[in-house]
Amino acid sequence: MRLLTVIALDGLTYASWLFLVSAGLTFTYGVLRVLNLAHGNLYALGAYLGATLVLRYAAGGSTVALGYGLLFLAAVVIGVVAGPLIERLFLRRVYARDEEVQLLLTFSISLILEDVVKLTWGVSPIFAETPYSFLGRVRLGGVNYAWYPFLLTAVALAVGGLLWLVVTRTRLGKVLQSVITDREVSLTLGIDVPRVYTWAFTAGAILAALGGAYTAPMFSLVPGVGADVLVTSFAVIAIGGLGSIGGAALGALVVGLARSAAVYLFPELDLFAIYLMMALVLLFRPQGLFGEVEVRRI
Amino acid sequence: MSALLETVGLTRFFGMVRAAENLNVRVDEGEMVGIIGSNGSGKTTFLNLATGYLKPERGRIVLAGRDITALLPRSITRMGVARSFQIPQLYLGLTVIENLLLSLAARCAGVGLWAPLHRTESHAEARRILAQFGLEPHAQRTVHELPEGARKLLDIAVAVALRPRLLLMDEPTAGVSTEDKFEVMDTLAAVLRGAEITTIFVEHDMDVVLRYSRRVLVFDQGLVIADGRPEAVLADAGVRRAVLGHV
Amino acid sequence: MPPRIRAALAFFGLLAVLLALPFLLSGWVLFLLTVAGAKALAVLGVVLLLRGKLLTFGHALYYAAGAYAAGMAVKYWDVHEMLVLLALGLLAGAMLSALLGLLIARYRAVYFALLNLAFSMVLYGILLKFYAVTGGTDGIGIAEPTLAGWRPGAASLRIVLYESTLVLVALLVYLAHRFSVSPAGYVLRAIRDNEVRVEYVGTSVWRIVYLTYVIAGALAGIAGALIGLSVGHITPDLAFWSQSGEFVFVAILGGTGSVLAPVVGSILFEFIRNYAFELSPYTWQMTLGIVLLVIIFFLPGGVWSLAQTAARRGAR
């Protein structure tokens with residue numbers, strides 16, 4: 001019973017992390033039909049900036065609580081600066097070209113951002129752990145847990161809830177759905193599609209950076225963090241279906257629990273649990289759990 | 001006369017839209033059948049179903065006695081069915097002759113790895129086919145550079161090069177100017193007659209249908225509402241109302 | 001003189017010159033050329049796939065597989081024969097791509113690109129994690145190779161590796177050329193333009209994609225074994241995503257217009273990297289990113305298209 005609790009709780013927190021980290025990627029793909037390969041780098045930027053702000057302003061004593069807000073601020077700053085820059089200066093120019101070209105473009109942005117991180121923060125590890133340690137630990141089901149991962153879960157739920165609310169209940173959401181469904185028709189309806197694209201990309205960037213910022217207190221940061229995140233995020237959204245937020249949530253849950261089970265029951269598999277799941281799902285349902293099949297009209 | 005293509009109770013809906021319902025169509029070898037109907041009446045759907053691009057919800061499709069309902073388009077093609085499209089489906093980046101050579105490669109030895117695509121023997125046959133369609137002067141141009149009418153003809157040539165038993169054409173003269181329509185159809189008719197290919201073609205132009213088909217099927221909202229000789233069918237008031245919107 | 005004879009003469013003439021190079025150049029330049037040649041084979045695989053509009057961000061998977069197939073043979077069976085190691089690399093690349101291709105060849109665009117990436121990172125993880133078997137970050141050394149039984153001395157080894165790479169590259173480039181002008185090669189290009197039509201003339205799109213994928217995998221596999229021999233040492237980094245990214249970069253840099261373009265691009269890249277990286281290691285990737293952007297916007301056909309335009313102007 002204890003093992004089950006551990007697996008469930010571990011799975012849940014890992015799933016939260018996965019969702020937080022993948023939501024931006026799938027959202028951007030859903031609206032713009034572009035897979036942002038620089039997603040991992042935006043995550044890294046959010047993490048690094050967040051860590052730096054915390055270390056500078058919320059390192060100890062009375063200012064620790066400030067740290068949580070600073071992490072959020074870091075994410076927003078990164079998103080709002082990098083998002084429009086990338087979308088308007090570069091991405092916009094290749095919408096009319098092949099998907100491969102778009103992938104290459106975001107790939108080149110990714111290469112550039114890799115070094116931006118190295119140039120700005122160097123290669124030595126950075127660890128801003130006060131937000132993590134400040135929350136302390138709790139005993140659940142007989143096991144000692146840190147509180148921080150539950151904060152992550154809360155943030156993930158908030159993000160998921162917010163996205164769902166915006167997309168289904170607000171006017172902006174209707175506009176987004178229109179653009180997602182049919183770009184040309186949206187244009188004729190008078191929707192400023194280019195502006196929607198910029199906002200959507202920026203939102204995706206903020207989400208990516210948010211994932212990074214709130215994860216920063218958990219590990220020591222090194223320049224390579226972004227790449228692993230990109231691959232993991234892709235696996236999650238491939239399972240859930242590219243472009244589907246709900247799919248990302250489900251995918252995150254599936255992978256989170258699977259990996260958690262693997263860690264405790266089949267440790268050799270834990271690295272591959274996520275990819276095994278992805279391969280399995282894609283084998284039987286190539287478009288992912290909630291994905292749409294693209295039909296070609298002739 | 002043996003039946004080449006037969007559909008039995010063919011039914012296909014798209015949500016609430018009836019694209020085909022209980023279609024029982026029989027086309028014999030050697031026939032030249034025209035299909036008319038207003039937009040959305042199910043003509044293209046019929047072609048898509050017959051070539052395996054769409055699967056019916058109910059019913060069967062039989063080609064020369066064989067049930068082909070569950071087969072993929074490429075299997076059906078290999079059994080002797082070829083098709084041209086409303087919007088020509090060609091390899092834009094390749095040259096006209098290369099488009100044709102690929103059909104020949106598919107038909108003959110299968111798609112091989114060693115002998116080059118551009119070979120003397122295949123070139124001879126490709127040029128012969130292009131000449132039949134009046135496309136020889138364009139042989140080395142990329143499809144990208146071709147005018148609309150030529151693309152239409154090439155789309156059909158690519159299908160004819162497969163030496164099919166049954167050719168399905170979706171609006172062969174759409175996009176062709178009125179002066180050229182008859183010329184194009186004359187060329188086509190001569191080629192098809194010479195090669196003894198059974199033909200079914202979807203058309204909007206009534207003059208073309210009158211002149212080139214010996215039998216007409218009228219589609220309306222997924223049903224066949226008339227089937228007979230062109231003069232008789234086109235004179236019928238009900239048909240005219242359904243297809244042209246007026247009597 | 002008919003054009004085919006002329007092309008063949010030019011090809012062998014060039015080959016002769018290249019074969020004679022070792023006696024003119026320094027050991028270091030020879031080494032760079034050897035490495036460039038080996039990697040060019042992996043890039044060739046990427047280029048072939050790009051011809052069908054299939055972009056892979058995980059080709060290092062087969063590169064590393066080939067390298068480690070050779071490495072394991074050295075480590076566990078004490079095999080030092082080059083010809084055997086190269087064959088093992090080829091087989092490893094071909095078999096792994098034949099297996100994974102069953103899943104991956106169904107996909108295009110984003111899925112294709114990232115599925116390959118995902119699997120390459122899985123291999124990276126395996127190579128890293130199972131260090132008892134693979135040596136982990138220490139890697140595996142591949143030393144004192146023999147060629148058909150003869151063991152070259154330290155002095156002539158570099159030359160032997162260079163000449164072997166040259167011959168292998170020449171052979172494989174030629175085979176790739178045959179593939180490109182065959183019906184299969186053209187169907188690949190046709191798939192890029194119109195998959196529907198390909199199916200509607202009775203050809204299987206999946207079959208050609210799968211075939212190309214296996215060929216590309218085999219090429220990368222033998223490239224991996226070759227790099228292991230040339231460098232003398234292999235590490236899990238061979239499977240890392242940045243290696244795949246490098247292959248993509250060189251493919252775009254060289255251009256996809258010819259089977260020779262990967263060789264040109266690869267040589268260009270190795271030489272530039274050798275000197276630029278020393279200047280500033282923290283801006284190397286940024287430089288790559290910027291160059292890639294420039295190519296995307298101003299020179300989509302890569303360096304090869306420059307050569308083509310120059311040749312055309314010269315011919316006028």
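Residues numbered from 1 in each chain as written. Chains lettered and ligands numbered in written order. Predicted model: local features only at pLDDT ≥ 70, side-chain atom pairs only at ≥ 80, totals over all residues. Heavy atoms only, no water.

(A) Spatial organisation of the overall build of chain B. For chain B, the helix and strand inventory stands at 9 helices and 10 strands. The C-alpha radius of gyration of chain B comes to 18 Å, within 12% of the 18 Å expected for a compact globule of 247 residues. A total of 247 residues make up chain B; the buried ones form 55% of that total. For chain B, contacts bridging at least 24 residues in sequence account for 65% of all contacts bridging at least 6. Per element, the accessible surface of chain B, about 10500 Å² overall, is 52% carbon and sulfur. On chain B, the mean spot of the 28 positive side-chain charges and the mean spot of the 28 negative ones are 5 Å from each other. (Helix = DSSP H or I, 4+ residues; strand = E, 2+ residues; numbered from the N terminus. Rg over C-alpha atoms; globule rule 2.2 N^0.38 Å. Buried < 20%, exposed > 50% of the residue type's maximum accessible area, 1.4 Å probe, protein only. Contact = heavy atoms within 4.5 Å. Areas by Shrake-Rupley, 256 points an atom, 1.4 Å probe, with all protein chains shown as cover. Lys, Arg positive; Asp, Glu negative; His and termini not counted. Charge placed at Lys NZ, Arg CZ, Asp CG, Glu CD.)

(B) Region of interest: the sheet that holds strand β9 (residues 215-220) of chain B. Residues and elements named next belong to chain B. The strand order across the open sheet built from 6 strands is β6-β7-β8-β3-β9-β10, with neighbouring strands paired in mixed fashion. A strand with exactly one partner marks an edge of an open sheet, and here the two such strands are β6 (81-84) and β10 (223-228). Each adjacent strand pair in this sheet contributes to an overall mean axis angle of 15°, direction not counted. With 4 bridges joining them, strand β3 (residues 32-36) and β9 adopt parallel strand pairing. By the bridge assignment, Val33 is partnered in β9 with Arg215. Relative to β9, helix α9 (residues 237-244) is tilted by about 60°, and along the sheet it contacts β3, β9 and β10. (Pairing = 2+ DSSP bridges. Axes fitted to C-alpha atoms, helices over the stretch in contact; angles between N-to-C directions.)

(C) Region of interest: the packing of helix α3 (residues 60-77) of chain C against helix α10 (residues 205-231) of chain C. Residues and elements named next belong to chain C. Relative orientation of the contacting elements α3 and α10 amounts to 50°, with a least axis distance of 6 Å. When the axes of α3 and α10 are compared, the pair comes out oblique. The two elements α3 and α10 cross, and the hand of that crossing is right-handed. In this structure, α3 contributes Tyr62, Tyr63, Gly66, Ala67 and Ala70 to the contact, and α10 contributes Tyr213, Gly217, Ala220, Gly221, Ala223, Gly224, Ala225 and Ile227. Looking at the contact of α3 with α10 residue by residue, the class counts come to 9 nonpolar, 4 polar and no charged. (Parallel < 35°, antiparallel > 145°, perpendicular 65-115°, else oblique. Left-handed = near helix turned anticlockwise from the far one by under 90°. Nonpolar A, V, L, I, M, F, W, Y, C, P; charged D, E, K, R; others polar.)

(D) Focus on unusual backbone geometry. Residues other than glycine seldom take positive phi values, yet Ala64(B) does so here, at roughly 45°. Considering the arrangement of structural elements, one finds Ala64(B) in the loop between β4 (58-63) and β5 (66-67). Phi is positive for Glu144(C), close to 50°, though the residue is something other than glycine.

(E) Just the packing of aromatic side chains, in detail. Here the structure, examined in full by the defined rule, presents 22 aromatic pairs over all chains. Plain terms: the ring middles of Tyr145(A) and Phe150(A) are 6.1 Å apart, the flat faces sit at 65° to each other, and that makes the pair edge-to-face. Of the two residues examined, Tyr145(A) and Phe150(A), each falls in the buried class. Ring centres of Phe269(C) and Trp284(C) lie 5.7 Å apart, and the angle between their planes is 50°; on these two criteria the pair is classed as tilted. Residue Phe269(C) is located in helix α12 (residues 261-279), and its partner Trp284(C) is located in helix α13 (residues 284-298); the two are separated by 15 residues in the primary sequence. Like Trp284(C), Phe269(C) is buried. Three or more aromatic residues joined by ring pairs form one cluster here, namely Tyr145(A), Trp147(A) and Phe150(A). Between Arg211(B) and the ring centre of Phe182(B), over which it is positioned, the NZ or CZ distance is 4.4 Å. (Phe/Tyr/Trp six-rings, centres within 6.5 Å; stacked < 30°, edge-to-face > 60°. Lys NZ or Arg CZ within 6 Å of the ring centre and 35° of its normal.)

(F) Layout of the side chain of Arg178(C). Here Arg178(C) shows up in helix α7 (residues 154-181). The buried charged residue Arg178(C) lacks any salt bridge partner; its closest oppositely charged side chain belongs to Glu121(B), at an N-O distance of 11 Å. (Salt bridge = Lys/Arg side-chain N within 4 Å of Asp/Glu carboxyl O.)

(G) Layout of the nonpolar core. In terms of nonpolar packing, the biggest core is built from 247 residues, with Leu35(A), Met278(A), Phe133(B) and Phe57(C) touching the most fellow members. Top contributing element to this core by residue count: α10(C), with 16 residues. Once residues within four sequence positions are removed from consideration, Phe57(C) is found in contact with Leu37(A), Leu103(A), Leu104(A), Phe107(A), Ala113(C), Leu114(C), Asn116(C), Leu117(C), Ser120(C), Ser244(C) and Val248(C). Counting residues in hydrophobic clusters, the runner-up holds 25 residues, among them Leu4(B), Leu10(B), Leu23(B) and Val33(B). (Core = buried A, V, L, I, M, F, W, Y, C linked by side-chain atoms within 4.5 Å.)

(H) Region of the structure containing the confidence of the model for chain B. Averaged over every residue, the pLDDT of chain B is 90; the share at 70 or more is 98%. Predicted complex metrics record ipTM = 0.91 and pTM = 0.91. (pLDDT = per-residue confidence, 0-100.)

(I) View of the packing of helix α4 (residues 82-104) of chain C against helix α5 (residues 109-129) of chain C. All names here are of chain C. Relative to each other, α4 and α5 sit at 140°, their axes nearing to 11 Å. For the element pair α4 / α5, the angle class is oblique. Between α4 and α5 lies a crossing whose hand is right-handed. Where α4 abuts α5, its residues Leu100, Leu103 and Ile104 lie against Phe112, Leu115, Asn116 and Phe119. For the contact of α4 with α5, a count of residues per class yields 6 nonpolar, 1 polar and no charged.

(J) Representation of helix α2 (residues 27-51) of chain C within the structure. Residues and elements named next belong to chain C. Between its first and last C-alpha atoms α2 spans 35 Å; for 25 residues at 1.5 Å apiece the expected length is 36 Å, and the two agree. Where α2 bends most, at Leu41, the angle is about 25°. Counting buried positions along α2 yields 22 of 25 residues, so the element is predominantly enclosed. (Expected span 1.5 Å × (residues − 1). Bend = angle between axes of the 7 residues up to and from the residue.)

(K) Expanded view of helix α3 (residues 66-89) of chain A. All names here are of chain A. Here α3 contains 24 residues, and its C-alpha end-to-end distance of 34 Å stays within 8% of the 34 Å for a straight helix at 1.5 Å per residue. Looking at α3, one finds that the buried residues are Gly67, Tyr68, Leu70, Leu71, Ala74, Ala75, Ile78, Gly79, Ala82, Gly83, Ile86 and Glu87. Lining the buried residues of α3 we find α1 (2-32), α2 (39-57), α4 (99-121), α5 (130-134), α6 (148-169) and α9 (193-215).

(L) Summary view of the pairing of β4(B). Residue and element names in this part refer to chain B. The sheet contact formed by strand β1 (residues 3-14) and β4 spans 5 bridges and is antiparallel. Directly across from Glu6, in β4, lies its bridge partner Val62. One ladder, built from 2 bridges, connects β4 with β5; its direction is antiparallel. The partner of Leu63 across the bridge, within β5, is Arg66. Linking β4 back to β5 in an antiparallel pair, the connection comprises 2 residues, with Ala64 at a positive phi of about 45°.

(M) Focus on the pattern of salt bridges. Scanning the entire structure with this criterion turns up 25 salt bridges over all chains. Of the charged contacts, one joins Arg197(C) and Asp155(B) as a salt bridge, the two residues approaching to 2.8 Å between their closest N and O atoms. Of this pair, Arg197(C) sits in helix α9 (residues 195-200) while Asp155(B) sits in helix α5 (residues 148-160), which puts the two residues in different chains. For Glu195(C), the salt bridge is made with Arg108(C), and the minimal N-O distance between the two is 2.7 Å. One end of the pair, Glu195(C), is in helix α9; the other, Arg108(C), is in the loop between α4 and α5, and 87 residues separate them in sequence.

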